[in-house]
Amino acid sequence: MPADWGRCVVTIGVFDGVHRGHAQLINAATSAAAERGIPSVLMTFDPHPAEVVRPGTHPPQLTTLTRRAELAEELGIDVFCVMPFTPELAARSPKDFAHDVLVESLHAAEVVVGANFTFGKKAAGNVEKLTELGERFGFEVQAISLFGEHAVTYSSTYIRSCVAAGDVERAAEALGRPHRVEGVVVRGDGRGRELGYPTANVAPPMYAAIPADGVYAAWFTVLGPGPVVGQVVPGESYQAAVSVGTNPTFSGRTRTVEAFVLDTTADLYGQHVAVDFVDRIRGMENFDSIDDLLTAMAGDVDTTREILASGHTAS
């Protein structure tokens, strides 16, 4: 029986995106846990701490909690733990957080964090303080610098900026996979069907990080539940040309995510789906005529096929 029996290795953070930097933390935690012969635990927070500390400042969300749990499991985490982030938790001192959460609740033998990790009331705790508290309470601390290629520090903030600019290729490079937007397919105005390009109008959850207005090549996946009428198989990815924006040619005002799924006439209404953005084809344009719009849409479909046939895969 290992000396750390009943304890675990914990990695802490919001982990929004579970990007390549987060993967470094997770790999360090799972490796340490394997060496000790104990479980690895990823502890994240909900809602985002920024929304509790400064209401109204919730950043665009790169991944849902469910998606974070799936990605963490794929990386080898044994336990995915969601800590409710409340005003009471935000008000705890670094010492109380370390003692009450890490020691009393999780029985941490080792804690793995990013080199810029902060915690406790007014973010008063840092890696140095955590290490000091670890010596006091009996857990080790491992701090990881989340540097990537080209001197870029992997961070959710950087990825959000890429997504907001429509640079989904750079976002994918930092994420290690295409940026995904999930949502339920809802009924739109039906204009796409009238034009010969029926689209799935995807309604994302609140705070979802939506790419800049434009047209994108993407992979479209039905996550379920329930059967799909048509050729689409839940869990399989299909090519899609996706329009993000207000549809200025028709004086639209509501920003939407509309996916034209290639080579299918499936009834997708009510389905929970995922759109994995691969590349931006063009910006959103206001066309002078319907014929000009249709010509551009046909070109978008051809470009989508070319991009996705070149080896880009879904998440």
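Just above sits the structure.
Residues numbered from 1 in each chain as written. Predicted model: local features only at pLDDT ≥ 70, side-chain atom pairs only at ≥ 80, totals over all residues. Heavy atoms only, no water.

(A) Local environment of the layout of surface pockets. One number sums up the size of the largest pocket: a volume of about 1100 Å³. Lining the largest pocket are 40 residues, and of these G13, V14, N116, F117 and T118 lie nearest its centre. Mapped by element, the contributors of at least two residues to the lining of the largest pocket are α1 (20-36), α2 (49-53), α4 (87-90) and α7 (156-164). For the lining of the largest pocket, the residue count by class is 21 nonpolar, 13 polar and 6 charged. (1 Å grid on protein atoms, 1.4 Å probe; cavity = no way out; pocket = protein on both sides within 12 Å on 5 of 7 lines; lining within 4 Å. Points joined across faces, edges and corners; volume = space filled by probe spheres on them. Helix = DSSP H or I, 4+ residues; strand = E, 2+ residues; numbered from the N terminus. Nonpolar A, V, L, I, M, F, W, Y, C, P; charged D, E, K, R; others polar.)

(B) Highlighting the sheet that holds strand β6 (residues 179-186). Around the barrel, which closes on itself, the 6 strands sit in the order β6-β7-β10-β9-β8-β11 with antiparallel pairing between neighbours. This sheet shows a mean twist of 45 degrees between the axes of neighbouring strands, independent of strand direction. Where helix α8 (residues 168-175) meets the sheet, it contacts β6, β8 (214-224) and β11 (272-282), and its direction lies at approximately 125 degrees from that of β11. (Pairing = 2+ DSSP bridges. Axes fitted to C-alpha atoms, helices over the stretch in contact; angles between N-to-C directions. Contact = heavy atoms within 4.5 Å.)

(C) Up close: the pairing of strand β5 (residues 140-144). Bridge count for strand β4 (residues 108-114) against β5 is 5 bridges, and the pairing is parallel. By the bridge assignment, V112 is partnered in β5 with Q142. Remark: the β4/helix α6 (residues 127-137)/β5 crossover connection has right-handed handedness. (Right-handed = clockwise from strand over helix to strand, strands pointing away.)

(D) Seen up close, empty space enclosed by the protein. Counted under the stated rule, the structure contains 3 cavities of 30 Å³ or more. Quantified by volume, the largest cavity comes out at close to 110 Å³. In this structure, the largest cavity is lined by Q61, L62, T63, T64, R67, R180, V181, E182, P205, A208 and A209. At 3 residues, the largest contribution of residues to the lining of the largest cavity is made by β6. Partitioned by chemical class, the residues of the lining of the largest cavity number 5 nonpolar, 3 polar and 3 charged. Here the lining of the largest cavity spans two domains, since at least three of its residues come from each of domain 1 (8-144) and domain 2 (179-311). In this structure, the second largest cavity spans a volume of roughly 40 Å³. (Domains from an automatic or database assignment.)

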